[in-house]
Amino acid sequence: MKLYYKAGACSLATHITLIAAGLDFSAEAVDLKTKRTESGEDFLKINPKGYVPALRRDDGSMLTEGVAILLDLAAQTPRAGLAPRPEDPLYPRLIEWLVFIATELHKPVAGLFNPAYSPEAKEVNKAVLHRRFDFADAAIGAGPYLLGTTPGVADFYLFTVLSWLPRVGIALTDWPALAAHAERVRLLPATQAALRAEKLI
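All of these numbers come straight from a predicted model, not from anything done at the bench.

What counts as what
Residues numbered from 1 in each chain as written. Predicted model: local features only at pLDDT ≥ 70, side-chain atom pairs only at ≥ 80, totals over all residues. Heavy atoms only, no water. Pairing = 2+ DSSP bridges. Helix = DSSP H or I, 4+ residues; strand = E, 2+ residues; numbered from the N terminus. Contact = heavy atoms within 4.5 Å. Axes fitted to C-alpha atoms, helices over the stretch in contact; angles between N-to-C directions. Expected span 1.5 Å × (residues − 1). Bend = angle between axes of the 7 residues up to and from the residue. Buried < 20%, exposed > 50% of the residue type's maximum accessible area, 1.4 Å probe, protein only. Polar contact = N/O pair within 3.5 Å; in protein donor to acceptor, adjacent residues only side chain to side chain.

1. Concerning the sheet that holds strand β4 (residues 54-56)
Sheet architecture is open: five strands sit in the order β3-β2-β1-β4-β5, paired in mixed fashion. Sheet topology places β3 (36-37) and β5 (62-64) at the edges, where each strand pairs with a single neighbour. For strand β1 (residues 2-5) and β4, the ladder comprises three bridges, and the chain directions are antiparallel. When the bridges of β4 are listed, K2 appears paired with R56. Seen against the sheet, helix α1 (residues 11-20) touches β1, β2 (26-31) and β4 and runs at an angle of roughly 155° to β1.

Here you go:
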């Protein structure tokens, strides 16, 4: 398999998952401004959507969209325990968390990086995010992870989004459970390996 990624972007969750699952893969960075890969390929020919993550699977097919990739990788490696199986009563909770992170956290936080957003629009985004973080902080509770005692793909995705907050002026001090969760996930061996590979530590 081959992962196309941008350091620190949402593709980081996929990178952590690939390592945690023990899968054999290579990784290539993408410049999202020029749409060129590290080796000079036209990224739009690889993924016409133009964003990461993109994963070339062992059969040669390309899979895009972070949530789809995370679910696929977890399904490929059930022994890694990165997601409940579809018949597990916890599986709908996994989907619930992944959709919440993707739509209610990822998108609003990403908007804070967009120079086209007005200061007023960014303040609206921050107000919405504060309410969403209030919910997530209460929902995590003692954790230690989103679905119990074992870290999984939803934790990796949440960690990735939370890692962007210092760059947009949001501190996790108001949400101690979220802060503790982010630190737990950061210290996992797979997370540390992905951060090193992307030259983020």
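What follows picks up the thread again.
2. Regarding helix α4 (residues 91-111)
Taking 1.5 Å of rise per residue, the 21 residues of α4 would be expected to cover 30 Å, and the 29 Å separating its terminal C-alpha atoms lies within 8% of that figure. Approximately 30° is the largest bend angle found in α4, and it occurs at I101. Along α4, the residues that are buried comprise L94, W97, L98, F100, I101, A102, L105, H106, P108, V109 and G111. Among the structural elements, α3 (66-76), α5 (119-140) and α6 (153-162) are those in contact with the buried residues of α4.

3. Points about the side chain of T191
Looking at where T191 falls in the secondary structure, it is placed in helix α8 (residues 189-197). Overall, T191 belongs to the buried group, its relative accessible area being 0%. In terms of polar contacts, T191 uses its side chain to reach the backbone carbonyl oxygen of V185, at 2.7 Å. Non-local contacts of T191, meaning those with residues more than four positions away in its chain, are made with I16, F159, V185 and R186.

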